[in-house]
Amino acid sequence: MIELSGVGFAYEDAERFTLANLDLRIDAGTVTGIVGASGAGKTTLAKTIAGFIPLNEGGTYRGAASVAGRVLAEGTLSEAAAAVGLVTQNPFNQISGARFTVREELAFGLENRSVPRDEMERRVDEVAARLRLEPLLDRSPYALSGGQMQLVAIASMVIMQPPVLVMDEPTSQLDPAGTRLVYDVLSTLSDGGTTVVIIEHKTELLHEHCDSIAVLAGGLIVQHGTPGAVLADDRLTSWGVGETRVTTAARLARERGLLPVERALPIGVDDAVEAFSTQTGAAS
Ligand SMILES: Nc1ncnc2c1ncn2[C@@H]1O[C@H](COP(=O)(O)OP(=O)(O)OP(=O)(O)O)[C@@H](O)[C@H]1O
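Residues numbered from 1 in each chain as written. Predicted model: local features only at pLDDT ≥ 70, side-chain atom pairs only at ≥ 80, totals over all residues.

1. Section: the pairing of strand S8 (residues 195-199)
Here is step 1: Burial of S8 is extensive: 5 of the 5 residues sit out of reach of the surface.
Here is step 2: Going residue by residue along S8, you find Thr195, Val197 and Ile199 tucked away on one face and Val196 and Ile198 tucked away on the opposite face as well.
Here is step 3: Bridge count for strand S3 (residues 31-35) against S8 is 4 bridges, and the pairing is parallel. Bridge pairing links Ile34 to Ile199 in S8.
Here is step 4: Pairing analysis gives 5 bridges linking strand S7 (residues 164-168) to S8, with the strands arranged parallel. The residue of S8 that forms the bridge with Val166 is Val197.
Here is step 5: Handedness of the crossover joining S7 and S8 through helix H8 (residues 176-191): right-handed. (Buried ≥ 20, exposed ≤ 12 C-beta atoms within 10 Å, placed from the backbone. Helix = DSSP H or I, 4+ residues; strand = E, 2+ residues; numbered from the N terminus. Pairing = 2+ DSSP bridges. Right-handed = clockwise from strand over helix to strand, strands pointing away.)

Okay, structure coming up:
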């Protein structure tokens, strides 16, 4: 379980706290989406869950953040990295720079943990198959497209099998097929007990794949609940979060009297079909 209690953080020389007295509980083995306006502090929250804040970032920190009962701030950065894998927003920065091929890059973290060679090779093959990286294994990590680099950055974190995986906009450079691949891998990992936290602007994806969604605004978690409850919340756009296209269409339909005002707005296609079928049935 991830538990943040009264967490506040102000970057060095910043005029205000980016995170202000923030509380958040995330159950183990779930997939949780974090949403919020640009600049709301989502990346800062991701770094806090991973222990990078305060361990590797100057500034003013308060409160307590724990993962599986351990306060990461009380240990070392490498202990924190073993507990929480963080896939950062820019995959280029995540490439070690110490290895010549994607295969070696994927094995890099395992080498540092002295994982036996045969197990290392098995895990490289497994993650490469999962994320369709086989054709890239002998290429230089720097000779990849942005999307390919993003998949390698994700794979190099997934291969470490951390109990918690935090991903900061992991599909920002991926096409729909790559995006689906990543979300399928995340679902499989969470089925296996991994806790996944994902920062993502595409609310359709969060609706499909998350157990819960938390909204960050004004340095606080202002709403946390099921995707259905959060994405249908009338305050969503005022928090700078985009509703799904289905919800937008349903809202227009409601304004034109095609859906009753008391009915919760649908979020996904299946809910919409049900909402409009019921409506048609009631009207006939
Ligand atoms: N290293 C830093 N030093 C000083 N201020 C920072 C630093 N990183 C972020 N900030 C500030 O903290 C605030 C939150 O930034 P953060 O990147 O966490 O937001 P975000 O919600 O992830 O934004 P986006 O959706 O645009 O990625 C912003 O005002 C930003 O300018």
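2. Observations concerning the nonpolar core
Here is step 1: Formed by 76 residues in total, the largest nonpolar core has its most connected members in Ile49, Ile154, Ala155 and Val166.
Here is step 2: Counting residues per element, this core draws most heavily on helix H7 (residues 146-158), at 8 residues.
Here is step 3: Each of domain 1 (2-243) and domain 2 (244-284) gives at least three residues to this core.
Here is step 4: Here Val166 is in contact with Ala46, Ile49, Ala50, Val84, Leu86 and Val197, once residues within four sequence places are set aside. (Core = buried A, V, L, I, M, F, W, Y, C linked by C-beta atoms within 7 Å. Domains from an automatic or database assignment. Contact = placed C-beta atoms within 7 Å.)

3. Here's the deal with the sheet that holds S3
Here is step 1: As summarised here, the arrangement of the 6 strands in space is S6-S7-S8-S3-S9-S10, forming an open sheet in which the pairing is mixed. Only two strands of the sheet have a single neighbouring strand rather than two, namely strand S6 (84-87) and strand S10 (220-225). Looking at each pair of strands side by side, their axes are set apart by 20 degrees on average, direction ignored.
Here is step 2: Pairing analysis gives 4 bridges linking S3 to strand S9 (residues 212-217), with the strands arranged parallel. Counted as the bridge partner of Gly33 is Ile213 from S9.
Here is step 3: Its contacts with the sheet place helix H1 (residues 42-49) against S3, S6, S7, S8 and S9, and it is angled at close to 160 degrees to S7. (Axes fitted to C-alpha atoms, helices over the stretch in contact; angles between N-to-C directions.)

4. A look at the domain arrangement of the protein
Interfaces are often described in size by the accessible area the parts lose on coming together.
Here is step 1: As far as domains go, the protein holds domain 1 (2-243) and domain 2 (244-284).
Here is step 2: Here the C-alpha centroids of domain 1 and domain 2 sit 34 Å apart.
Here is step 3: Elements supplying a minimum of two residues to the side of domain 1 that touches domain 2: helix H9 (203-209) and helix H10 (227-231).
Here is step 4: Here the side of domain 1 that touches domain 2 takes 4 residues from H9, the largest share from any one element.
Here is step 5: Among the residues forming the side of domain 1 that touches domain 2, the class breakdown is 3 nonpolar, 3 polar and 3 charged. (Nonpolar A, V, L, I, M, F, W, Y, C, P; charged D, E, K, R; others polar.)

5. Here's the deal with the site of the ligand
Here is step 1: Inspection of the region around the ligand gives Tyr11, Ala14, Thr18, Gly36, Ser38, Gly39, Ala40, Gly41, Lys42, Thr43 and Thr44 as its neighbouring residues.
Here is step 2: Considering each element in turn, the shell around the ligand owes the most residues, 3 residues, to H1.
Here is step 3: The class makeup of the residues in the shell around the ligand is 3 nonpolar, 7 polar and 1 charged. (Near = placed C-beta within 6 Å.)

6. So, the pairing of S10
Here is step 1: The pairing of S9 with S10 spans 5 bridges and is classified as antiparallel. Across the sheet, residue Val215 finds its bridge partner in S10, namely Gln223.
Here is step 2: Count of turn residues in the S9/S10 antiparallel hairpin: 2 residues, of which Gly218 carries a positive phi of about 60 degrees.

7. Quick notes on the packing of helix H5 (residues 102-112) against H7
Here is step 1: Their axes nearest at 8 Å, the elements H5 and H7 cross at an angle of 35 degrees. Where H5 crosses over H7, the handedness of that crossing is right-handed. Residue-level contacts link Val102, Glu105, Leu106, Phe108 and Gly109 of H5 to Val152, Ala155 and Ser156 of H7.
Here is step 2: Split by residue class, the contact of H5 with H7 holds 5 nonpolar, 2 polar and 1 charged. (Left-handed = near helix turned anticlockwise from the far one by under 90°.)

8. Some points on H8
It helps to recall that an α-helix has 3.6 residues per turn; residues three or four apart then point in one direction.
Here is step 1: Here H8 spans 22 Å end to end across 16 residues, near enough to the 22 Å set by a 1.5 Å rise per residue.
Here is step 2: For H8, the full list of buried residues reads Val182, Tyr183, Val185, Leu186 and Ser190. Relative to the axis of H8, the buried residues are bounded by an arc of 155 degrees and lie together on one face. Pointing more than 90 degrees away from the buried face of H8 are the exposed residues Pro176, Ala177, Thr188 and Asp191. (Expected span 1.5 Å × (residues − 1). Arc of directions from axis to C-beta.)

9. Some remarks on the UniProt feature "domain: ABC transporter" (unreviewed entry) in the protein
Here is step 1: Per the UniProt record, "domain: ABC transporter" (unreviewed entry) is annotated on residues 2-243.
Here is step 2: Annotated as residues 2-243, this span is 37% helix and 25% strand, and its ends, taken at the C-alpha atoms, are 26 Å apart. (UniProt positions renumbered as here; feature names shortened; annotations may be inferred.)

10. A look at the sheet that holds strand S2 (residues 19-26)
Here is step 1: The antiparallel open sheet is built from 4 strands, whose spatial order is S2-S1-S4-S5. Only two strands of the sheet have a single partner each, and these edge strands are S2 and strand S5 (70-71).
Here is step 2: By the bridge criterion, 2 bridges tie strand S4 (residues 59-67) to S5 in an arrangement that is antiparallel. Bridging across to S5, Ser66 finds its partner in Val71.

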